[in-house]
Amino acid sequence: EIEWVSISRDTSEADLKQRKEVFNNGTRYVNQAPVRAALNGRLLVLDGLEKAERNVLPTLNNLLENRELPLDDGSMLVSPDTYDAHKMGISVHPDFRVAA
């Protein structure tokens, strides 16, 4: 399975992490494509990466290089090795891959 993100100058951190949405008279955080790919071991396709603003690049870099990403709901994605060693956070699936 594939998760696809089309990146433009208007892409924000929320487009790459989580969005807060209204749901049943309340709010909830909804995982966006990079988070879904990381959790489910899918291929993440980043289309137009060269158009990304500099402020979103550290977010992507941290997920791609370190397999770590703090989420807006207070949880944190961590590499499988970090999860195994410390039993904290949410483990990134070992099959998670990225194509740009």
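Residues numbered from 1 in each chain as written. Predicted model: local features only at pLDDT ≥ 70, side-chain atom pairs only at ≥ 80, totals over all residues. Heavy atoms only, no water.

(A) How the structure looks around the side chain of glutamate 3. Position of glutamate 3 among the secondary structure elements: in strand E1 (residues 2–6). A distance of 2.9 Å separates polar atoms of two side chains, one belonging to glutamate 3 and the other to arginine 36. A distance of 2.5 Å separates the side chain of glutamate 3 from the side chain of arginine 42, its partner in a polar contact. Those residues in contact with glutamate 3 that sit more than four places away from it in its chain are Ala33, Arg36, Ala37, Arg42, Leu43, Leu44 and Val45. (Helix = DSSP H or I, 4+ residues; strand = E, 2+ residues; numbered from the N terminus. Polar contact = N/O pair within 3.5 Å; in protein donor to acceptor, adjacent residues only side chain to side chain. Contact = heavy atoms within 4.5 Å.)

(B) Geometry of the side chain of serine 79. On the secondary structure map, serine 79 appears in the loop between strand E6 (76–78) and helix H4 (80–86). With a relative accessible area of 12%, serine 79 lands in the buried category. Separated by 2.9 Å, the side chains of serine 79 and threonine 82 make a polar contact. Not counting residues up to four positions away in its chain, the partners in contact with serine 79 are Asn66, Arg67, Glu68 and Ser91. (Buried < 20%, exposed > 50% of the residue type's maximum accessible area, 1.4 Å probe, protein only.)

These values are about where atoms sit, not about what they do.
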